[in-house]
Amino acid sequence: MTTPKSHLEIALASIPVFTNDGELDAQEFDKLLALALRDQAIDDDEKRVLGNVFKQAELGELEPAVKERIAQARRLHGIA
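In what follows, the accompanying structure is described. (Residues numbered from 1 in each chain as written. Predicted model: local features only at pLDDT ≥ 70, side-chain atom pairs only at ≥ 80, totals over all residues. Heavy atoms only, no water.)

Considering the environment of Leu35
For step 1, the next point in the chain: The residue Leu35 is located in helix α2 (residues 26-37) in this model.
For step 2, the next point in the chain: Under the relative-accessibility criterion, Leu35 is labelled buried at 17%.
For step 3, the next point in the chain: When the C-alpha atoms of Leu35 and Arg69 are compared, they prove to be 16 Å apart, with 34 residues separating the residues in sequence.
For step 4, the next point in the chain: Those residues in contact with Leu35 that lie beyond four places of it in its chain are Ser6, Glu9, Ile10, Ala13 and Glu46. (Helix = DSSP H or I, 4+ residues; strand = E, 2+ residues; numbered from the N terminus. Buried < 20%, exposed > 50% of the residue type's maximum accessible area, 1.4 Å probe, protein only. Contact = heavy atoms within 4.5 Å.)

Structure, rendered in structure tokens:
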């Protein structure tokens, strides 16, 4: 069996974030970023999916630490 593309895994892993309490917490952020960095790089598809997740998360309340980690991920990895 082939391993699914990581951007699809990221998208699927983000579903509970928004169906559970609607807020991205630090643990959920770590899980999503770890999926993207599993191969030591974030490709364009992963950046697109993470960018969409971050934008959706920013529509709600975010802990200040998570907000800063999103900003840092955007700076370091070129996520829009």
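Next comes the rest of the description.
Here's the deal with α2
For step 1, the next point in the chain: Spanning twelve residues, α2 covers 16 Å between terminal C-alpha atoms, matching the ideal 16 Å at 1.5 Å per step.
For step 2, the next point in the chain: For α2, every residue scored as buried is listed here: Glu28, Phe29, Leu32, Leu33, Leu35 and Ala36. Looking straight down α2, one finds that the buried residues subtend no more than 155° of arc, so they occupy a single side. Opposite the buried face of α2, at more than 90 degrees from it, the exposed residues are Gln27 and Lys31.
For step 3, the next point in the chain: With a side-chain oxygen lying 3.1 Å from the backbone nitrogen of Gln27, the N-terminal cap of α2 falls on Asp25. (Expected span 1.5 Å × (residues − 1). Arc of directions from axis to C-beta. Polar contact = N/O pair within 3.5 Å; in protein donor to acceptor, adjacent residues only side chain to side chain.)

Considering the pattern of salt bridges
For step 1, the next point in the chain: Inspection of the entire model under this criterion finds five salt bridges.
For step 2, the next point in the chain: A salt bridge links Arg69 to Asp30; the nearest nitrogen and oxygen atoms lie 2.1 Å apart. In this pair, Arg69 sits in helix α4 (residues 64-77) while Asp30 sits in helix α2, placing the two residues 39 residues apart along the sequence.
For step 3, the next point in the chain: Taking the relative accessible area as the measure of exposure, Asp30 reaches 35% and is therefore partly exposed.
For step 4, the next point in the chain: With its nearest N and O atoms 3.3 Å apart, the salt bridge here joins Glu68 to Arg75.
For step 5, the next point in the chain: The exposure class assigned to Arg75 is exposed, which follows from its relative accessible area of 57%. (Salt bridge = Lys/Arg side-chain N within 4 Å of Asp/Glu carboxyl O.)

Some words on the packing of aromatic side chains
Working definition: an aromatic ring pair is given by the centre-to-centre distance plus the angle between the planes.
For step 1, the next point in the chain: Within the structure shown, the criterion is met by one aromatic pair.
For step 2, the next point in the chain: Ring plane angle 25° and centroid distance 5.7 Å describe the contact between Phe29 and Phe54, whose orientation is recorded as stacked. On the criterion of sequence distance, the pair formed by Phe29 in helix α2 and Phe54 in helix α3 (residues 44-58) is long-range, its members being 25 residues apart. Both residues of the pair, Phe29 and Phe54, count as buried. (Phe/Tyr/Trp six-rings, centres within 6.5 Å; stacked < 30°, edge-to-face > 60°.)

Observations regarding the side chain of Glu46
For step 1, the next point in the chain: Secondary-structure assignment places Glu46 in helix α3.
For step 2, the next point in the chain: Buried charge without a partner: Glu46 forms no salt bridge, and the closest opposite charge is Arg38, 6.2 Å away.
For step 3, the next point in the chain: Ignoring any residue separated from it by four or fewer positions in sequence, one finds Glu46 in contact with Ser6, His7, Ile10, Leu35, Ala36 and Ala41. (Lys, Arg positive; Asp, Glu negative; His and termini not counted.)

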